[in-house]
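# Report on the structure
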Amino acid sequence: MKFRAVTGMNDILPEEARGYQFVEAQFRAAVEAYGFRELRTPIVEELGLFHKSTGETSEVVQKQMFLLAKEGESLALRPEGTPSSARVYIGNKMHGREPITKWFYIGPMFRAERPQRGRYRQFHQAGCELYGDEGPICDAEMIDMLYRFASKLGLSDVKVLLNTLGGPEARVAYRKRLVDYFTPLSDQISEHARERLVDNPLRILDSKDPRDQEASKNAPVLLDCLTDADLAHWEGLKAALDRLGTPYEVDPRLVRGLDYYTRTCFEVVTTSGNIGSQSAVLGGGRYDGMLSSLGGQPTPAIGFAMGIERILLALGDRKYEEPSLCFIAPLGEAAGLPCLELATQLRAAGIWTELDSRGNSLKSMLRRADNMGASVCLVMGEDEAKSGVVQFKNLGKHTQEQIPQSDAVKAVQQALAETTTITGQEPASTSGSQT
Ligand code: HAM
């Protein structure tokens, strides 16, 4: 019997992992420059945490949780990172430790969805959460950071969709207006929308069902229900984005699928690369009510998460270059130990080195060096081993010379530095660089 990966959960092979490393390294660099620091949390949490925060009426909690059966405990694989981050913030009394907390996280999330392109059951998110600042400038700064990040990655056709969901007061008023609007239309909307009419009528607005979309066409917009304070926040956000020149589109129908958002919500969508029809590569917003609803001090909060797989699809068929490599080919038994020693010296100098000690023919070793994309190959036969020299092959320039073994590290360093200037890549870096 052959085992396969679980549907919707993908193995990431080394060449694909380079893409993840590239996006993650770019993300870290971008958000660390804004003062976000890394938070790592377990992938398993108590189920109740998600019920209380992600929300009972969200699709994620209603249909997509992976539950773990454990006697006496109700656990779940995390479908998103925001609830865990809030739990850590409250548990560590961050409120009393610093006025503003900025965290980022990168890791796998789990949602039992029907898998399709860009939608998986295990996927990876890179996200940020910011606590302690309720002002619109903070929202604009985050949205601008994301826009710059997406543009720097080279995504084309990037759109920032922006909306406000108002505070609790506006939501109550809006909810009532939606119920009044949709109730007479209840025989024209989907079964799912009829259920939402009872628990969360806002969600009808982002239904994909054509009947719901048709019925939503003339639905009241939330902007009309905003309080003065909500309105001032919304206007402040737009003014800050205008000042920065960050392009955005106001989308009054953007409600997002999670229950906790208040005021600002946003998505970055693109049709770039292989992503197919317009999809969200990231989404987020303000959730000023979550911390107190989880038993913490009332604390304003805003955050976002981006789907790394979606970013990779949007980046298209790029090749993520492997770091420069030195290949060592010993020929004959006497060359084995001097080559092993040489490999150790090269690695100690930070050079990625592959030693092929199987005793194969030169031809097959050179083929392997080529397949691995090595820049340099050191060949040592029995005679060279005895006389303390080695054949230095520069595979890029197609040159070969004999050099003393004691000069090998320096010579390889020099040759790799030249490769670096050509490709702009760090020779001994662990993060994937991109051509
Ligand atoms: P979300 O919109 O559910 O928000 O997910 C954020 C991003 O994760 C999406 O835009 C998408 O790129 C990616 N994503 C979501 N589900 C999948 C999936 N099944 N397969 C592949 N990619 C997926 C959140 O998760 C919130 N926690 C964001 C947030 C942080 N809001 C405030 N703070």
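In this text, all values refer to a predicted model and were calculated from it rather than measured experimentally.

Next up on the list: unusual backbone geometry. Of note, Lys 93 is a non-glycine position whose phi angle comes to about 50°, a positive value. Inspection of the secondary structure assignment puts Lys 93 in the loop between α4 (82-91) and α5 (94-97). When its relative accessible area of 62% is taken as the criterion, Lys 93 is described as exposed. Positive phi is not limited to glycine here, since Asp 157 has a value of about 55°.

A complete count under the given rule lists 11 aromatic pairs for this structure. Measuring from ring centre to ring centre gives 6.0 Å for Phe 27 and Phe 104, while their planes differ by 75°; the resulting arrangement is edge-to-face. Of this pair, Phe 27 sits in helix α1 (residues 14-32) while Phe 104 is found in strand β5 (residues 101-110), placing the two residues 77 residues apart along the sequence. Assessed through its relative accessible area of 1%, Phe 27 is described here as buried. A residue is classified by how much of its surface remains accessible, and Phe 104, at 0% relative accessible area, is buried. Measuring from centroid to centroid gives 6.4 Å for Tyr 131 and Tyr 287, while their planes differ by 90°, and the two rings are edge-to-face. Here Tyr 131, found in strand β6 (residues 122-131), pairs with Tyr 287, found in the loop between β10 (279-286) and α11 (290-293); they are 156 residues apart in sequence, far enough to count as distant. Of the two residues, Tyr 131 and Tyr 287, neither departs from the other in class, the shared state being buried. Three or more aromatic residues link up through ring pairs in this structure, and these residues are Tyr 89, Trp 103, Tyr 131, Tyr 260, Tyr 261 and Tyr 287.

Next up on the list: the sheet that holds strand β3 (residues 66-70). The pairing of strands in a sheet comes from backbone hydrogen bonds and takes either a parallel or an antiparallel form. The strand order across the open sheet built from 3 strands is β2-β4-β3, with neighbouring strands paired in antiparallel fashion. Strand pairing shows two members of the sheet lacking a second neighbour, β2 (44-46) and β3, which therefore form its edges. On average, adjacent strands in this sheet sit at an angle of 40° to one another, irrespective of strand direction. Note that β3 and strand β4 (residues 73-77) share 5 bridges and pair antiparallel.

Once that is clear, we can look at the environment of Gly 245. Of note, Gly 245 is situated in the loop between α10 (228-244) and β8 (249-250). Residue classification places Gly 245 among the exposed residues on the basis of a relative accessible area of 54%. In this structure the C-alpha to C-alpha distance between Gly 245 and Glu 24, which are 221 residues apart in sequence, comes to 26 Å.

Residues in close proximity to the ligand total 27 residues, the closest being Glu 80, Thr 82, Glu 113, Glu 129 and Tyr 261. Arg 111 is positioned with one of its side-chain polar atoms (N or O) 3.0 Å from an oxygen atom of the ligand. At a separation of 3.1 Å, an oxygen atom of the ligand approaches a polar backbone atom of Ala 280. Compared with its free state, where it exposes 660 Å², the ligand has 96% of that area covered by protein. Elements supplying a minimum of two residues to the shell around the ligand: β6, β10 and β11 (301-307).

To continue, consider the state of the cysteines. Inspection of every chain in the model, using the stated rule, returns 0 disulfides. With no disulfide partner, Cys 138 has as its closest neighbouring cysteine sulfur the one in Cys 128, 11 Å distant. On the basis of relative accessible area, Cys 138 is assigned to the buried category, the value being 4%. The closest cysteine sulfur to the non-disulfide-bonded Cys 265 is located on Cys 225, 15 Å from its own sulfur. Residue classification places Cys 265 among the buried positions, given a relative accessible area of 0%.

Under the criterion given, the structure shown has 22 salt bridges. With a closest N to O distance of 2.9 Å, Arg 256 and Glu 267 form a salt bridge. Of this pair, Arg 256 sits in the loop between β8 and β9 (262-270) while Glu 267 is found in strand β9, placing the two residues 11 residues apart along the sequence. The burial state of Arg 256 is the same as that of Glu 267; both residues are buried. Within this structure, Glu 354, Asp 356, Arg 358 and Arg 368 form a network of salt bridges that share partners.

On average, the protein scores 93 in pLDDT, and the residues at 70 or more come to 96%. This stretch, residues 421-435, has a pLDDT under 50; its non-local contacts, to residues over four places away or in other chains, come to 34 contacts.

Turning our eyes to something else, we now look at the nonpolar core. Core analysis: the largest hydrophobic core is formed by 91 residues, its most contacted members being Phe 27, Cys 128, Met 142, Phe 182, Phe 266, Phe 304 and Leu 315. At 9 residues, helix α6 (residues 136-153) tops the list of elements feeding residues into this core. What Phe 182 contacts, discounting residues up to four positions off in sequence, is Ile 189, Leu 197, Ile 204, Leu 205, Ala 215, Ser 216 and Ala 219. Core analysis: the next-biggest nonpolar cluster, separate from the first, contains 22 residues, Cys 339, Leu 346, Met 380 and Ala 415 among them.

Basis of the calculations
Residues numbered from 1 in each chain as written. Predicted model: local features only at pLDDT ≥ 70, side-chain atom pairs only at ≥ 80, totals over all residues. Heavy atoms only, no water. Helix = DSSP H or I, 4+ residues; strand = E, 2+ residues; numbered from the N terminus. Buried < 20%, exposed > 50% of the residue type's maximum accessible area, 1.4 Å probe, protein only. Phe/Tyr/Trp six-rings, centres within 6.5 Å; stacked < 30°, edge-to-face > 60°. Pairing = 2+ DSSP bridges. Axes fitted to C-alpha atoms, helices over the stretch in contact; angles between N-to-C directions. Near = heavy atom within 4 Å. Polar contact = N/O pair within 3.5 Å; in protein donor to acceptor, adjacent residues only side chain to side chain. Areas by Shrake-Rupley, 256 points an atom, 1.4 Å probe, with all protein chains shown as cover. Disulfide = S-S within 2.5 Å. Salt bridge = Lys/Arg side-chain N within 4 Å of Asp/Glu carboxyl O. pLDDT = per-residue confidence, 0-100. Contact = heavy atoms within 4.5 Å. Core = buried A, V, L, I, M, F, W, Y, C linked by side-chain atoms within 4.5 Å.

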